[in-house]
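Overview (structure and organization)
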Amino acid sequence: MLWSSIKVLLFFGSICAVALGAMYLLESDGGILVTFSGLEFMLNPLQTTIAVVFLIVIAWLLMRLISFCIAVWKFMNGDETALTRLTARNRQRKGEDALSEGVIALFSGEGRLAMSKVSQANKWLDKPELTNLLMAQAAEIAGDTVTVRQSFKELLKNDTTRLLGIRGLMKQKISEGDTVTAIKLAKEAFQVNPKHEQTQDILLRLQIQSQDWGGARETLNAKLKYGFLPRAIHQRRDAILAISEVRDQIHDDQSTKAEQMILEANRKSPDLIPAAVMAARLHIKKGKLKLAARVLKKAWDAQPHPELASAFAEIAPDETPQARIKRFATLTQSHPEHLETRLVVAELYLSAEDFQQARRALDHLGSHVDARLLTIIAAIERGEGAPDNVVKGWLAKAVGAPGSPQWVCDECQNVHASWTPICKKCGSFDTLSWVAPPASEVSTSTGVEMLPLIVGNIEDTVVGKNEEIGGVRNEET
């Protein structure tokens, strides 16, 4: 818009300058005396200026005429392209000028002006692969979705620009929310050029969002094949996709293929907790208890986790508490100082009603305090016969304590009750980590408003009594 205004001002300025110049020449004295064949012509300054301009125009027309005559002479002597080359030079010059103005308008953000200039360039230049692409970009700036779609469809007709056309239509469908059509176009773009990294990423993201796990695995393999993904990351994500494909069948009679996929996922990524749990339960179902224990211990070595401990307990569900303590020693000997390990050991001794050993398992925890730890301490107090107000005091602390580790999305910090391959909030893939959730400033039903229900009346509390249990200080109020 600004450039158009400047051009209008320049035009009117030129007209004014010519008018002023003509007035000045009319008022000027003197002139030029021209003698031709005995005739004398006296030209004033204005007439002289007009004569000079006329002679320049005549000279230009004469040069064009000479060029045309030369082209005709060459054509008559067998040069069949002489005349077309003469006109092509003019068309190319006009087209290049219009194209340059269109590009300038495009980068200036003037979509409508750019569309007009590119349309002119398209008339003079035989380069549809370039003009259609610029037209699509100009139409996007102008918000003309119909022209955008038509321009991308024109790009499909040329082999060199077919991928650009498909990708353009694909992005348009994604912005419109038409995932089904977008996936079809992404697959077509992938077939045209399977080595294009951005196309691979878009196709993989769309397949994961639509839970096409099998197709996503094929795309992931292509990223590995063409060197766009490290092997270690590929193995982990392929394992996630594999268990995502069969996780809904975990309680059903699984086919041989599904079982193989679970075991293969655990082999590729033994530290992936959901894969280890699924593989262990599959071994337990088949009576392969040693294999189940081996799978869970390997995953525990990477990161202790309560789901691993739960699956480890399922190996021998009917054993006595003392036998379970002994069997769990093979698991808990790894990472003995880890909070999860010590909590599991404490829970095992609680089951055996050995409250002294349960308390000892929680010694010297320092600042590692969370709701689960305080709840276990409350259970120890209850088992040792402590008064109700002491037990309620620990439970009250558990309500306001930092949350125990949960599955938290690395991207948006959303907390999940159970592991999922895709974050339920932001849709990111493979971003869940087992960490303590971020502190929330919003009161919930488990917050301070529940303290009277847990602690009871203030008169029943013991004021000022301090205890040290496992390095955690409890002050009843």
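Helix and strand content of the protein chain: 21 helices and seven strands. Buried positions account for 36% of the 477 residues belonging to the protein chain. Expressed as a percentage of contacts within the protein chain between residues at least 6 apart in sequence, the contacts between residues at least 24 apart total 49%.

All told, the structure shown has two aromatic pairs when counted by the stated rule. Between F312 and F328 the ring centres are 4.9 Å apart and the planes differ by 80°, which places this aromatic pair in the edge-to-face class. Of this pair, F312 sits in helix α15 (residues 306–314) while F328 sits in helix α16 (residues 321–332); the two residues are 16 residues apart in sequence, bridging distant segments of the chain. Look at W407 and W434: their rings are 5.3 Å apart centre to centre, the planes differ by 65°, and that puts the pair in the edge-to-face class. Of this pair, W407 sits in strand β3 (residues 406–409) while W434 sits in strand β5 (residues 432–435), and the two are 27 residues apart along the sequence. Both residues of the pair, W407 and W434, belong to the buried class.

Scored by pLDDT, the protein chain has a mean of 82; 77% of the residues are at 70 or more. Helix α14 (residues 289–302) holds the highest mean pLDDT among the elements of the protein chain, 96, whereas helix α21 (residues 451–455) holds the lowest, 34. Within the model, the stretch residues 441–477 combines pLDDT values under 50 with 60 contacts to residues more than four positions away or in other chains.

So, on to a nonpolar patch on the surface. A cluster of nonpolar side chains, contributed by V53, F54, L55, V57, I58, W60 and L61, occupies part of the molecular surface with about 700 Å² of accessible area. V53 sits in the partly exposed class, given a relative accessible area of 48%.

This brings us to the nonpolar core. Ranked by size, the top nonpolar core spans 72 residues in total, and within it I208, L308, F328 and L362 carry the most contacts. It is helix α13 (residues 273–285) that provides the largest number of residues to this core, a total of eight residues. Among residues more than four places away in sequence, those in contact with L308 are I273, A276, V277, L296, A299, W300 and Q303. Residues A105, L155, L185 and A189 belong to the second largest nonpolar core, which totals 31 residues.

Once that is clear, we can look at the side chain of S404. Structurally, the position occupied by S404 is in the loop between α20 (388–400) and β3. A polar side-chain atom of S404 sits 3.2 Å from the main-chain amide nitrogen of R372. Once residues within four sequence positions are removed from consideration, S404 is found in contact with D370, A371, R372, A436 and P437.

What follows covers the environment of G427. Residue placement: G427 occurs in the loop between β4 (415–416) and β5. Of the residues examined, G427 reaches a relative accessible area of 33% and is grouped as partly exposed. For G427 and E411, which are 16 residues apart along the polypeptide, the C-alpha to C-alpha distance reads 9.5 Å.

Let us now look at the pairing of β3. On any regular strand, side chains alternate: one points to one face of the sheet, the next to the other face. Here four bridges tie β3 to β5, and the two strands are oriented antiparallel to one another. Within the sheet, the bridge partner assigned to W407 lies in β5 and is W434. Sheet topology note: the β3/β4 ladder contains two bridges and is antiparallel. From the neighbouring strand, V408 faces β4, where its bridge partner is V415. Connecting the antiparallel pair β3 and β4 is a turn made up of five residues, with Q413 showing a positive phi of about 65°.

Contact geometry of α14 with α15 gives a least axis separation of 10 Å together with a crossing angle of 160°. Classified by the angle between their axes, α14 and α15 sit roughly antiparallel to one another. As α14 packs across α15, the resulting crossing turns out to be left-handed. Residues A293, L296, A299 and W300 of α14 lie in contact with α15, whose contacting residues are L308, A309, A311 and F312. Among the residues forming the contact of α14 with α15, the class breakdown is eight nonpolar, no polar and no charged.

The next subject is the sheet that holds β5. Reading across the sheet, the three strands line up as β4-β3-β5 and stay open at both edges, with antiparallel pairing between neighbours. Looking at strand neighbours, the two that pair on one side only are β4 and β5, the edges of this open sheet.

Where helix α17 (residues 339–351) meets helix α19 (residues 371–383), the axes come as close as 11 Å, and the angle between the chain directions of the two elements is 25°. Relative to α19, the element α17 lies roughly parallel. Classified by chirality, the crossing of α19 by α17 is left-handed. Between α17 and α19, the contacting residues are E340, L343, V344, A346, E347 and L350 on the first element and R372, L373, I376, A379 and I380 on the second. When its residues are assigned to classes, the contact of α17 with α19 shows eight nonpolar, no polar and three charged.

For the structure shown, the criterion picks out 22 salt bridges. Close ionic contact of R327 with E319 constitutes a salt bridge, the shortest N to O distance being 2.7 Å. Residue classification places R327 among the buried positions, given a relative accessible area of 19%. Shared partners join several salt bridges into a network, and the residues in it are R149, K173 and E176.

Another point: helix α7 (residues 162–176). A rise of 1.5 Å per residue sets the reference length of α7, with its 15 residues, at 21 Å; its end C-alpha atoms lie 21 Å apart and thus fit the reference within 8%. Regarding α7, the residues found buried are L163, G165, I166, R167, G168, L169, M170 and Q172. Following α7 by one or two positions, G177 adopts a phi angle in the positive range, close to 85°.

Moving on, we come to α16. With 12 residues, α16 should reach 16 Å at 1.5 Å per residue; the first-to-last C-alpha distance of 15 Å fits that figure. Every buried residue of α16 is accounted for by R324, I325, R327, F328, L331 and T332. Here the buried face of α16 lies against α14, α15 and α17.

What counts as what
Residues numbered from 1 in each chain as written. Predicted model: local features only at pLDDT ≥ 70, side-chain atom pairs only at ≥ 80, totals over all residues. Heavy atoms only, no water. Helix = DSSP H or I, 4+ residues; strand = E, 2+ residues; numbered from the N terminus. Buried < 20%, exposed > 50% of the residue type's maximum accessible area, 1.4 Å probe, protein only. Contact = heavy atoms within 4.5 Å. Phe/Tyr/Trp six-rings, centres within 6.5 Å; stacked < 30°, edge-to-face > 60°. pLDDT = per-residue confidence, 0-100. Patch = residues over 30% accessible without salt bridge, like charges linked within 9 Å, V, L, I, M, F, W, Y side chains within 5 Å. Areas by Shrake-Rupley, 256 points an atom, 1.4 Å probe, with all protein chains shown as cover. Salt bridge = Lys/Arg side-chain N within 4 Å of Asp/Glu carboxyl O. Core = buried A, V, L, I, M, F, W, Y, C linked by side-chain atoms within 4.5 Å. Polar contact = N/O pair within 3.5 Å; in protein donor to acceptor, adjacent residues only side chain to side chain. Pairing = 2+ DSSP bridges. Axes fitted to C-alpha atoms, helices over the stretch in contact; angles between N-to-C directions. Parallel < 35°, antiparallel > 145°, perpendicular 65-115°, else oblique. Left-handed = near helix turned anticlockwise from the far one by under 90°. Nonpolar A, V, L, I, M, F, W, Y, C, P; charged D, E, K, R; others polar. Expected span 1.5 Å × (residues − 1).

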